[in-house]
Amino acid sequence: MQDRHTRRFGLGTATALVIGNIIGGGIFLLPASVAPFGTISLVAFGILTVGALCLALVFGKLARRHPDTGGPYIYAREAFGDFAGFLSAWSYWTMSWVSNAALAVAAVGYVHVLFPGHESPTTDLLVALAALWLPALANFAGTRYVGAVQLVSTVLKFVPLLLIAVAGLFFFDPKNIGAFHAGSGSMLGGLSASAAMLLYSYLGVESATMSAGEVRNPERNVGRATVLGTLGAAVVYLLGTLSVFGSVPHDKLVHSKAPFSDAVNAMFGGHWGGAVIAAAAVISILGALNGWTLMSAQSPYAAAKDGLFPAVFLKKRRGVPTFGVLAAAVLASALTVNNYLGGGSAGVFETLVLITTFSATVPYLLAAAAQIYFLFTDRRDRVRPGRFVRDLTIALAAFGFTFWLVAGAGYQAIYQGVLFLFAGILVYALLAARRAGRGRRSPDATEDATEKATADAPAEPAVATTGPAVN
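Quick caveat, the model's predicted, so the values are computed rather than measured.

Here is what the cut-offs are and how they apply
- Residues numbered from 1 in each chain as written.
- Predicted model: local features only at pLDDT ≥ 70, side-chain atom pairs only at ≥ 80, totals over all residues.
- Heavy atoms only, no water.
- Helix = DSSP H or I, 4+ residues; strand = E, 2+ residues; numbered from the N terminus.
- Buried < 20%, exposed > 50% of the residue type's maximum accessible area, 1.4 Å probe, protein only.
- Contact = heavy atoms within 4.5 Å.
- Areas by Shrake-Rupley, 256 points an atom, 1.4 Å probe, with all protein chains shown as cover.
- Patch = residues over 30% accessible without salt bridge, like charges linked within 9 Å, V, L, I, M, F, W, Y side chains within 5 Å.
- Salt bridge = Lys/Arg side-chain N within 4 Å of Asp/Glu carboxyl O.
- Axes fitted to C-alpha atoms, helices over the stretch in contact; angles between N-to-C directions.
- Parallel < 35°, antiparallel > 145°, perpendicular 65-115°, else oblique.
- Left-handed = near helix turned anticlockwise from the far one by under 90°.
- Nonpolar A, V, L, I, M, F, W, Y, C, P; charged D, E, K, R; others polar.
- pLDDT = per-residue confidence, 0-100.
- Core = buried A, V, L, I, M, F, W, Y, C linked by side-chain atoms within 4.5 Å.
- Phe/Tyr/Trp six-rings, centres within 6.5 Å; stacked < 30°, edge-to-face > 60°.
- Lys NZ or Arg CZ within 6 Å of the ring centre and 35° of its normal.

**Q** Teacher, can you tell me more about the overall build of the protein chain here?
**A** Along the backbone of the protein chain there are 18 helices and zero strands. Each of the 471 residues in the protein chain was classed as buried or not, and the buried ones make up 51%. Considering only contacts in the protein chain between residues 6 or more positions apart, those separated by 24 or more positions represent 84%. Carbon and sulfur atoms provide 66% of the accessible area of the protein chain, an area that totals close to 21300 Å².

In structure tokens:
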């Protein structure tokens, strides 16, 4: 009998999971971040959206083939074996709990806008820890509550952002957008530089595949949720950035610390926009943390089922891997405490945050490569040439998009990320040795078993030697 706290996700909740995980807190600063490059950044955004949709389509195809919880881990292991599967699970797990700490710290600034006059290191730390543990408690309550929180938080942040984005089109003034290429250097350099900042906006397209085992009719709904969620996030990103560009003068936008608030104030007057956007940002971040907390537990859970992660990650209650949730919350809390004790943004926390994007690219690259592998190893006589070419083109585009993501992460992030990735190899070696020890039998035991089997075997009947041999 199904636990009343456990409920499988439908298409709507799975789509909300994707949207909620893609749209975190970054969108509220995104227009100001790319404004120095000019409106060429909108072109870069369009290119990246196509790449993200290709990756979403690849995940949809892979989920139809393997509709199991674990997403990229499942695909990498199925195509390339245990080691590739482990690298995918380890990298994804690393990315998820480190990014959770970053989201929690980002929430602090928006909370201060809503409740000014209470700033202190102790208060900031408590707010950040609360942002981590409230979503964790929702996850402990079961998938029923995870889905409800995700659906409500996605609506509460998606609708206001979409309304602002659409309303901004009616207040659009071409004089505000500034030059097409506002930065120094070549136009191609400006395109690449703005793309490097925008590349991180679509992390989370795989969210529905990570919980495929908890989705109703996953062969059908996971792929749809992935594409619909990515499209929904893309609409908000593109329209929102365009509206802010057109409603806030370029010289002001470049130095803005709250571009959406400035856009609301420019559209409707007054100074109430800051509180509205701060409330939307807090809801957005808490919703993203709710989804990412679940994601941080699903990958190690899937790997633990195959013996590629410690068995303790198999503990599951009410549809949620409880130890994975607890481990992610504890590790993210430790990073958050270290951030504040280390003096805020300076220190090891900021460096670790830089590796989150690189860590995400490892499972993305392996998933795209797995799709290419499956396309070439499937029976070609059962696939129409046109469909094969289409699917291969999409998979290659997704691989190229992710490769660009790696390049955009920067040398420091790649350097630190590779070191963190290699640290996981030691964990894999220990787990592999343990599995081998369980399966290995001593030579003496094998010899004794063979002798016993021989002694207990019935005597073979005598074979007549007369007459011709029969071949």
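**Q** What exactly am I supposed to notice about a nonpolar patch on the surface here?
**A** On the surface, Val 166, Leu 169, Phe 170, Phe 171, Phe 268, Trp 272 and Val 276 cluster together into a nonpolar patch covering about 690 Å² of accessible area. When residues in the nonpolar patch are grouped by element, the largest group, three residues, is from helix H7 (residues 143–170). Among the secondary structure elements, Val 276 is positioned in helix H13 (residues 273–305). Given a relative accessible area of 37%, Val 276 falls into the partly exposed group.

**Q** Would you take a moment to explain the side chain of Ser 359 for this structure?
**A** With respect to the helices, strands and loops of the structure, Ser 359 is situated in helix H15 (residues 348–377). Residue class for Ser 359 comes out buried when judged on its relative accessible area of 5%. Other than its neighbours up to four places away in sequence, Ser 359 contacts Ser 91, Tyr 92, Thr 94 and Met 95.

**Q** So what exactly am I meant to see when it comes to the pattern of salt bridges here?
**A** In total, this model carries four salt bridges according to the counting rule given. A salt bridge links Asp 82 to Arg 77, with the nearest nitrogen and oxygen atoms 2.9 Å apart. Accessibility expressed as a relative area gives 28% for Asp 82, which makes it partly exposed. Given a relative accessible area of 29%, Arg 77 falls into the partly exposed group. Arg 77 serves as the salt-bridge partner of Asp 306, at 3.5 Å between the closest nitrogen and oxygen. Linking Asp 306 in the loop between H13 and helix H14 (322–341) with Arg 77 in helix H4 (residues 72–80), this pair joins segments that are 229 residues apart in sequence. Under the relative-accessibility criterion, Asp 306 is labelled partly exposed at 28%. Members of the salt-bridge network, linked through shared partners, are Lys 61, Arg 390 and Asp 391.

**Q** Sorry, what's going on with the packing of helix H1 (residues 11–22) against helix H10 (residues 218–247) here?
**A** The relative placement of two packed helices is expressed as an angle between their axes plus a distance between the axes. Between H1 and H10, the least distance of the axes is 8 Å, while the angle of their chain directions is 45°. Taken together, the axes of H1 and H10 are oblique relative to one another. Crossing geometry of H1 relative to H10 is assigned as right-handed. On H10, the residues that touch Leu 11, Ala 14, Thr 15, Val 18, Ile 19 and Ile 22 of H1 are Asn 221, Arg 224, Ala 225, Thr 226, Leu 228, Gly 229, Thr 230, Ala 233 and Tyr 237. Split into classes, the residues belonging to the contact of H1 with H10 amount to nine nonpolar, five polar and one charged.

**Q** Even after reading the chapter, I still don't get the confidence of the model for the protein chain, so can you show me in this structure?
**A** In low-pLDDT regions, the fine details of the predicted coordinates are not to be read closely. Within the protein chain, residue pLDDT values average 78, and 84% of them lie at 70 or more. The element-level mean pLDDT for the protein chain is lowest in helix H18 (residues 443–456), coming to 45, with H4 highest at 91. Low pLDDT, under 50, characterises residues 442–471; the stretch is placed with two contacts to residues that sit more than four places away or in other chains.

**Q** Looking at this model, I keep getting lost on the nonpolar core. Mind explaining?
**A** Proteins that are soluble and globular tend to have nonpolar side chains buried together. In this structure, Ile 23, Ile 27, Phe 28, Tyr 75, Tyr 202, Tyr 237 and Phe 309 are the most contacted members of the largest nonpolar core, which totals 127 residues. Take this core: its biggest share by element is 17 residues, from helix H5 (residues 82–114). Non-local contacts of Tyr 75, meaning those with residues more than four positions away in its chain, are made with Phe 59, Leu 62, Ala 63, His 66, Thr 209, Ala 367, Ala 370 and Phe 374.

**Q** Before we go on, may I ask you to explain the environment of Ile 394 in this structure?
**A** If you trace the backbone, Ile 394 turns up in helix H16 (residues 385–409). A sequence separation of 338 residues divides Ile 394 from Ala 56, and the C-alpha atoms of the two residues are 9.7 Å apart. The residues touching Ile 394, leaving out its near neighbours within four places in the chain, are Cys 54, Leu 57 and Val 58.

**Q** Would you explain the side chain of Thr 230 in this entry?
**A** With respect to the helices and strands, Thr 230 occurs in helix H10. Filtering out sequence-adjacent residues up to four positions away, Thr 230 remains in contact with Val 18, Ile 22, Ala 52, Leu 53, Ala 56, Tyr 202 and Val 205.

**Q** How should the environment of Leu 308 be read in this particular structure?
**A** Relative to the assigned elements, Leu 308 resides in the loop between H13 and H14. Between the alpha carbons of Leu 308 and Leu 87 there is a distance of 9.8 Å; along the sequence they are 221 residues apart. What Leu 308 contacts, discounting residues up to four positions off in sequence, is Tyr 73, Arg 77, Asp 82, Phe 86, Ala 303, Tyr 428, Leu 431 and Arg 435.

**Q** I would appreciate a short explanation of the packing of aromatic side chains in the present structure.
**A** Enumeration over the complete set of coordinates arrives at 20 aromatic pairs. Ring plane angle 85° and centroid distance 5.8 Å describe the contact between Trp 93 and Phe 313, whose orientation is recorded as edge-to-face. Of this pair, Trp 93 sits in helix H5 while Phe 313 sits in the loop between H13 and H14, and the two are 220 residues apart along the sequence. Relative accessible area serves as the criterion here: at 11%, Trp 93 is assigned to the buried category. We classify Phe 313 as buried; its relative accessible area is 7%. Relative to Phe 313, the ring of Phe 309 has its centre 5.4 Å away and its plane inclined at 80°; by these criteria the two rings are edge-to-face. Taken together, Phe 83, Phe 86, Trp 90, Trp 93, Trp 97, Phe 309, Phe 313, Phe 323, Phe 420 and Tyr 428 form an aromatic cluster joined through their ring pairs. Lying across the ring of Phe 374, Arg 65 places its NZ or CZ 4.3 Å from the centre.

**Q** I'm lost on the packing of helix H6 (residues 121–140) against H14 in this one. Help?
**A** Their axes nearest at 10 Å, the elements H6 and H14 cross at an angle of 170°. Comparing their axes, H14 and H6 come out roughly antiparallel. Between H6, through Pro 121, Asp 124, Leu 125, Ala 128, Leu 129, Leu 132, Trp 133, Ala 136, Asn 139 and Phe 140, and H14, the contact on the second element is made entirely by Thr 322, Val 325, Leu 326, Ala 329, Val 330, Ala 332, Ser 333, Thr 336, Val 337 and Tyr 340.

**Q** How should I be thinking about the environment of Ala 370 in this particular structure?
**A** Within the secondary structure layout, Ala 370 lies in helix H15. Taking the C-alpha atoms as reference, Ala 370 lies 6.2 Å from Tyr 75; in sequence the two are 295 residues apart. Not counting chain neighbours up to four residues away, the residues in contact with Ala 370 comprise Tyr 75, Ala 79 and Phe 80.

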